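Chain residues, written in single-letter form:
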Amino acid sequence: MLRTVAALLLAAGLACAAAPASQPTRMIPAGVSVGGVHVGHLSAEPARARIEATFRRPVTIRFGRKTVGVTPAQLGASLSVEEAVSSALAATPHSRIALPVRYSKARVAKLVASLAHRYDRTPIDAKLTGATAAGPVFAPARAGLAVRSSRMRGEIAKKLQTGSGKPLVLLTRAVGPRRTIARFGSVIVVTRGANTLVLYRGRALVRTFPVATGQSIYPTPAGIWSIADKQRDPWWYPPTYDTWAKGLKPVPPGPGNPLGTRWMGLTAPGVGIHGTDADTSIGYSASHGCIRMHVPDAEWLFDHVAVGTPVVIL
């Protein structure tokens, strides 16, 4: 009996000696992070779970008090978690490892384009709204806004690769208006009651001229108009729509031309700013609707304004 028990104990001992010793669990070195997540001192499975949870976090983009969130899956992003864990296990202590992520550039570009569509603002130019005795009146210009699309695509890609949970700030730039009040350019203000024409650059007064405006039965039309065409040494053609010109014939350029040497036609039908052969009419309401100037004044103004210059008639 004793011999049998001893034999059994000996056999058990030999069997234990033959069994291989269990391998210690492999741990990630201290201080290692993957996509900003610390995985040091973790084994493969806990590290894998932590990395996957980090990757699934949505990409959040903030603009002021508004936020937009999108999942990595919506950006066509995929993670090679096995590659991430293998890199972490093989890393030296305190290494920082980027997430091995692939994503769709087309989907990222589409997201950025939608942000631009949502937040871009077109700049608004200064606009002439009228005039007073003190000069032109403007609606001020307003700057616009544009998303920095190229940089935003890069920042979103970087965020997918780092796994950072911090929201992205939408990158934008200001877009200046083409025309401000200071850079508005020429504005002509004609005051019928005072028979004056004043040229401004924006709000800055340039020069004041005496003029003749329309008679009470042929008033110069009030409103905001603009110079539609310019002619040197124009022909004068009698208007066909007014009885006062019935029977009159066209007048070629020369000393007796009713338009003088310069014509600046307005968008107001049949109305223009011009010189005159009736110099003594200047300062009075004496024309058939046009704005008459001394010939030298009309020549000076002609050289200092362009087609499109606004004309406010008060």
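For the structure, check the block above.
Engineer: I tried to follow the packing of helix 2 (residues 44-55) against helix 3 (residues 81-90) on my own but got confused; where do I start?
Structural biologist: Relative orientation and spacing of two packed helices are given, respectively, by the angle between their axes and the distance between those axes. At their nearest, the axes of helix 2 and helix 3 sit 10 Å apart, and the two run at 125 degrees to each other. Classified by the angle their axes make, helix 2 and helix 3 are oblique. Read as a crossing pair, helix 2 and helix 3 show a hand that is right-handed. Every residue of helix 3 that contacts helix 2 at A44, R48, I51 and E52 is listed here: V81, E82, A84, V85 and L89.

Engineer: Can you help me understand helix 6 (residues 295-304) in this one?
Structural biologist: Side chains of residues three or four places apart in an α-helix project in the same direction, reflecting 3.6 residues per turn. Among the residues making up helix 6, those that are buried are D297, A298, L301 and F302. Projected down its long axis, helix 6 carries its buried residues within an arc of 135 degrees, all on one side.

Engineer: What's the story with the nonpolar core in this structure? I'm lost.
Structural biologist: Soluble globular proteins: nonpolar side chains tend toward being buried together. Counting 37 residues, the largest nonpolar core has V34, V39, I51, I61, L75 and I156 as its most contacted members. For this core, the secondary-structure elements that each account for two or more residues are helix 2, strand 3 (59-63), strand 4 (66-70), helix 3, helix 4 (105-119) and helix 5 (149-162). Among the elements that line this core, the one with the most residues is helix 4, at six residues. Leave out the neighbours within four places in its chain, and I51 touches V34, V39, L79, V81, A84, V85 and L99. Listed in part, the 20 residues of the second largest apolar core include I188, L199, A268 and A298.

Engineer: How do you make sense of the pattern of salt bridges when you look at a structure like this?
Structural biologist: Two side chains of opposite charge can pair, provided their charged atoms sit close to one another. Scanning the entire structure with this criterion turns up six salt bridges. K158 is the partner of E155 in a salt bridge, and the nearest nitrogen-oxygen pair spans 3.5 Å. Separated by three residues within a single helix, E155 and K158 lie in helix 5, roughly one turn from each other. Look at the salt bridges and you will find they share partners, linking E45, R48 and E82 into a network.

Engineer: I keep staring at unusual backbone geometry and nothing clicks. Help me out?
Structural biologist: Across the chain, the bulk of peptide bonds are trans and the bulk of non-glycine residues have phi less than zero. At H94, a position not held by glycine, the phi torsion is positive, near 65 degrees. Considering the arrangement of structural elements, one finds H94 in the loop between helix 3 and strand 6 (96-97). For N195, which is not glycine, the phi dihedral falls at a positive 50 degrees. Mapped onto the fold, N195 is located in the loop between strand 13 (186-191) and strand 14 (196-201).

Engineer: I would appreciate a short explanation of the sheet that holds strand 21 (residues 291-293) in the present structure.
Structural biologist: Note on sheets: strands pair through backbone hydrogen bonds, and any given pair is parallel or antiparallel. In space, the eight strands of this open sheet follow the order 15-14-13-22-17-18-19-21, with mixed pairing throughout. Of all strands in the sheet, those with a lone pairing partner are strand 15 (204-210) and strand 21, marking the two edges. Across the sheet, the mean angle separating the axes of adjacent strands is 25 degrees when strand polarity is ignored. When strand 19 (residues 272-275) meets strand 21, the two strands line up parallel, connected through three bridges.

Engineer: Please explain the packing of aromatic side chains as it appears in this structure.
Structural biologist: In this description, an aromatic ring pair is defined by two values, namely the gap between the centres and the angle between the planes. Applying the stated rule across the entire model yields four aromatic pairs. Ring centres 5.7 Å apart and planes at 50 degrees place the aromatic pair F209 and W300 in the tilted group. With F209 in strand 15 and W300 in helix 6, this residue pair connects regions lying 91 residues apart in the sequence. Classification of F209 as buried rests on a relative accessible area of 2%. For W300, a relative accessible area of 24% corresponds to the partly exposed category.

About the criteria used
- Residues numbered from 1 in each chain as written.
- Predicted model: local features only at pLDDT ≥ 70, side-chain atom pairs only at ≥ 80, totals over all residues.
- Heavy atoms only, no water.
- Axes fitted to C-alpha atoms, helices over the stretch in contact; angles between N-to-C directions.
- Helix = DSSP H or I, 4+ residues; strand = E, 2+ residues; numbered from the N terminus.
- Parallel < 35°, antiparallel > 145°, perpendicular 65-115°, else oblique.
- Left-handed = near helix turned anticlockwise from the far one by under 90°.
- Contact = heavy atoms within 4.5 Å.
- Buried < 20%, exposed > 50% of the residue type's maximum accessible area, 1.4 Å probe, protein only.
- Arc of directions from axis to C-beta.
- Core = buried A, V, L, I, M, F, W, Y, C linked by side-chain atoms within 4.5 Å.
- Salt bridge = Lys/Arg side-chain N within 4 Å of Asp/Glu carboxyl O.
- Pairing = 2+ DSSP bridges.
- Phe/Tyr/Trp six-rings, centres within 6.5 Å; stacked < 30°, edge-to-face > 60°.

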